[in-house]
Amino acid sequence: MNPFIPTEEKRALLIGRFQPPHLGHMEVVKHILWENEELVIGIGSAQESHTVDNPFTAGERVLMLLKSLAEMRLDLSKILIVPIPDINNNALWVSHVLSFSPPFRVVYTRNPLVARLFKEAGFEVRSFPPYSRKEYQGREIRRRMLQGEPWEHLVPKAVAEFIKQIKGLERLKEVSQSDAG
């Protein structure tokens, strides 16, 4: 029995980069909250920002998530958002995540490495349906943003408004440019 896994808690963990949060993420959150009383959302790679793969800061991602969850009228008292920086050491990663998070019983992921690491640490790991995975993924949304293709319909309205407010599209285009010339 792992002493770090509470037996009575009905709290789950979901880790993602949320670059940006999209409608697929929101469906996953609803799914998890239907099965659990509370949810910890771990913002992975929290130290990363201002790159093509990670254009938004951890603070911006927290705000986008909070605005989206409020827009969905979810009970924010049942959700905790925790930024988690990378350590690039798989053997220590689960302990690292635990040091940033309140206790949780189950981990939700579709990432095989994350699933393996948490299973080896004794956690229950569950998956969730791939909600229109072809469209609802950060990489595709960022590609559409860079190519001038429609993307706003793939994210909550609050996220699209926030990205416009912080000039996130301009940031993404600037950081995607090369200095070779």
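Preceding this section is the structure that the text describes.
Notes on the structure in this doc start here. Small disclaimer: the values here were computed from a predicted structure and weren't measured.

As for the pairing of strand S1 (residues 11-16)
In step 1: With five of six residues buried, S1 is to be regarded as a mostly interior element.
In step 2: Of the pairings in the sheet, the one linking S1 to strand S2 (residues 38-44) comprises six bridges and is parallel in character. Of the residues in S2, the one forming a bridge with Arg-11 is Glu-38.
In step 3: Here three bridges tie S1 to strand S4 (residues 106-108), and the two strands are oriented parallel to one another. Bridge pairing links Ala-12 to Val-106 in S4.

What about the packing of helix H5 (residues 138-147) against helix H7 (residues 168-176)?
In step 1: One can describe the packing of H5 onto H7 by two numbers: an axis separation of 9 Å at closest approach and a directional angle of 85 degrees. In terms of axis orientation, H5 runs roughly perpendicular to H7. Each of Arg-142, Met-145 and Leu-146 in H5 lies in contact with H7, whose residues at this interface are Leu-169, Leu-172, Lys-173 and Ser-176.
In step 2: In the contact of H5 with H7, the residues fall into four nonpolar, one polar and two charged.

Points about unusual backbone geometry
In step 1: With an omega of 0 degrees, the peptide bond running from Gln-19 to Pro-20 counts as cis.
In step 2: Not every positive phi belongs to a glycine, and Arg-73 is a case in point at roughly 60 degrees.
In step 3: Note on placement: Arg-73 falls in the loop between helix H2 (58-71) and strand S3 (79-84).
In step 4: Here the phi dihedral of Asn-88 falls at roughly 55 degrees; this positive angle occurs in a residue that is not glycine.
In step 5: Mapping Asn-88 onto the fold places it in the loop between S3 and helix H3 (90-100).
In step 6: Residue class for Asn-88 comes out exposed when judged on its relative accessible area of 76%.

Here's the deal with the nonpolar core
In step 1: By size, the foremost hydrophobic cluster in this structure holds 19 residues, and its most contacted members are Leu-14, Leu-39, Ile-41 and Ile-81.
In step 2: Secondary structure elements with two or more residues in this core: S1, helix H1 (23-35), S2, H2, S3 and S4.
In step 3: Looking at which element gives the most residues to this core, the answer is H1, with five residues.
In step 4: Among all residues touching Leu-14, those that are not within four sequence positions of it are Val-28, Val-29, Ile-32, Leu-39, Val-40, Ile-41, Gly-42, Tyr-108 and Phe-128.

Rules of the game
- Position numbers for residues start from 1 in each chain and track the written sequence from start to end.
- Totals for whole chains, interfaces and linings use all residues, but because this is a predicted model, local features are given only for residues with pLDDT of at least 70 and pairs of side-chain atoms are given and counted only at 80 or more.
- With hydrogens and water set aside, each side-chain value is computed from the structure's full complement of heavy atoms.
- Working definition: with a 1.4 Å probe on protein chains only, accessible area under 20% of the residue-type maximum means buried, over 50% means exposed, and in between means partly exposed.
- In DSSP terms, a helix is any run of H or I states spanning at least four residues, a strand is any run of E spanning at least two, and both are numbered starting from the N terminus.
- Pairing between two strands is assigned when DSSP locates at least 2 bridges connecting them.
- For helices, the axis comes from a line fit to the C-alpha atoms of the stretch in contact; other axes are also lines fit to C-alpha atoms, and the angle between any two N-to-C directions lies between 0 and 180 degrees.
- What sets the label is the angle itself: under 35 degrees gives roughly parallel, over 145 gives roughly antiparallel, 65 to 115 gives roughly perpendicular, and the rest give oblique.
- Note on contacts: a residue pair is in contact if any heavy atoms of the two residues lie within 4.5 Å.
- By the convention adopted, Pro, Cys, Tyr, Trp, Phe, Met, Ile, Leu, Val and Ala count as nonpolar, Lys, Arg, Asp and Glu as charged, and the other residues, Gly among them, as polar.
- We call a set of buried residues a nonpolar core when its members are Ala, Val, Leu, Ile, Met, Phe, Trp, Tyr or Cys and they connect through side-chain atoms within 4.5 Å of each other.

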